[in-house]
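Descriptive analysis of the structure
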Amino acid sequence: MKPYGLVLAGGGAKGAYQIGAWKAMRELHIPIEAITGVSIGAINGALIAEGDYEKALELWTNVEVKSGVNLQTELKEPENLFSISNMPLILTEMLRNGGVDVTPARNLIGSYVHEDKVRASGIPLGIVTFQVSGFKPVEVFLDEIPEGELLDYLMLSARFPGLHNDSPDGERYLDGGIYDNAPVDFLRRRGYNRLIVVDISGMKGVGHRADFSNAEFVYIRPHDPKELGESFEFDKSMVEMRMEMGYLDTMKAFGHYMGKAYYFKPKEYRRMLEKYGYNTLPELEALAEELEIPRVRVYTERQFMRALLKEAKEKATLLERAGLTQTLLRVAQPILDKASEELLQKFKKTKTKKEEKKGKKEERKGKKEEKTAKSPRKSRYPLADEALKQFSEEMELEKQLRKEKKAHEAEQEAPLTEPKS
């Protein structure tokens, strides 16, 4: 396979997605000939250039907020640094020390990224940061960085507002994502035209340029970026989910899985297309998302349709119960109103025509709502409904055939009895 240039966007804790993508690229034997990255993308880029996947996995599996910051007071929400509940403490650190001390994070990254091995790989590594004092982007490749300063530049690229500023030249820097959070153009200027972009954030930066002309791109990003959570949310289950999603999306991007939101093996998906039709499958996936069918896993047709059928039935039951309750309330309401009116009549002899008119209007409204509740609502997914009905009938037929087969086998195995003389 021909080599690709790799572009890694910034996004903090969401960077676990890129490690999952790297796992898929390794399995597919995709060679990487150059890398540009921003913030966590720059750090992941250095790990990928070094080539030790197991060490990178170890880093991401064990990373925690408390292992990356130095705070005198315990965080109220230890798995999400910049959560609202932690903001008073963060603001205090900014006023007192100029930002949160990330020396532990620097030391941790330094124990996994070895500059000599990154340089020895021969893979050009480009890093983007933003110099505040000069109000300009700083885009540098590893061959332009002085020996021994790679870790400094990685930390400068990931210098999120609120974190302590520490630079080798004494200047103030900010996260490179402010300028370009997916540095495609930076890599293309070096002559690379076959690119894989692993994007984990909706933000692109004020200086982002993405010229897609006369180039080959494989663009990998989540179906819904919001699923990746917050940039400083290092919950272990979220980290694992992000890695799995990155792996599956990359395998899908290279044709090893199919589906819009969900994941199916190509043979399975094509069979579903033939069976249900090209317009039906998008509806089935949209319905699955609405019913909150778990997304980050590979499905067979049977697994997917069964999950859909089960959730659709449960939702229908809940809606039916809710509709019955509403109907009962609507039916009871006029009776309660009438009883109240009769009670009031004992104390009040007169009633204005306006009140009577209002009462009749509300009664008519109640009857109209009751009629609406009883009438079936038009489905938003008619094709999906038909497909589920078809699948349900097939399951019933299979069940009946198994039952008949079992009865036949039992009949064959039954001992023959001689007729009585």
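Given the structure is predicted, the values throughout are model-derived calculations rather than measurements. (Residues numbered from 1 in each chain as written. Predicted model: local features only at pLDDT ≥ 70, side-chain atom pairs only at ≥ 80, totals over all residues. Heavy atoms only, no water.)

**Some remarks on the side chain of Asp-199**
- Within the secondary structure layout, Asp-199 lies in the loop between strand 6 (194-198) and strand 7 (216-220).
- Engagement of the side chain of Asp-199 in a polar contact is seen with the side chain of Tyr-219, the distance being 2.7 Å. (Helix = DSSP H or I, 4+ residues; strand = E, 2+ residues; numbered from the N terminus. Polar contact = N/O pair within 3.5 Å; in protein donor to acceptor, adjacent residues only side chain to side chain.)

**Some details on unusual backbone geometry**
- Even without being a glycine, His-29 presents a positive backbone phi close to 55°.
- Relative to the elements of secondary structure, His-29 occurs in the loop between helix 1 (16-27) and strand 2 (32-38).
- Using a relative accessible area of 65% as the deciding quantity, one classes His-29 as exposed.
- Positive phi, normally seen in glycine, also occurs at Ser-39, with a value near 55°.
- Here Ser-39 is to be found in the loop between strand 2 and helix 2 (40-50). (Buried < 20%, exposed > 50% of the residue type's maximum accessible area, 1.4 Å probe, protein only.)

**What about the pairing of strand 2?**
- Of all seven residues in strand 2, six are buried; the element is thus mostly enclosed.
- The sheet contact formed by strand 1 (residues 4-8) and strand 2 spans five bridges and is parallel. Bridging from a neighbouring strand, Val-7 pairs with Thr-36 of strand 2.
- Viewed along the sheet, the connection from strand 1 through helix 1 into strand 2 turns out right-handed.
- Here four bridges tie strand 2 to strand 3 (residues 125-131), and the two strands are oriented parallel to one another. Along strand 3, the bridge assignment pairs Thr-36 with Gly-126. (Pairing = 2+ DSSP bridges. Right-handed = clockwise from strand over helix to strand, strands pointing away.)

**Looking at helix 9 (residues 236-253)**
- Between its first and last C-alpha, helix 9 extends 26 Å over 18 residues, near the 26 Å set by a 1.5 Å rise per residue.
- Turning to helix 9, its buried residues are Met-238, Val-239, Arg-242, Met-243, Met-245, Gly-246, Tyr-247, Leu-248, Asp-249, Thr-250, Met-251 and Lys-252.
- Where helix 9 is buried, its residues contact helix 1, helix 3 (53-62), strand 7, strand 8 (263-264) and strand 9 (298-299).
- One or two residues past the end of helix 9 sits Gly-255, with phi positive at roughly 85°. (Expected span 1.5 Å × (residues − 1). Contact = heavy atoms within 4.5 Å.)

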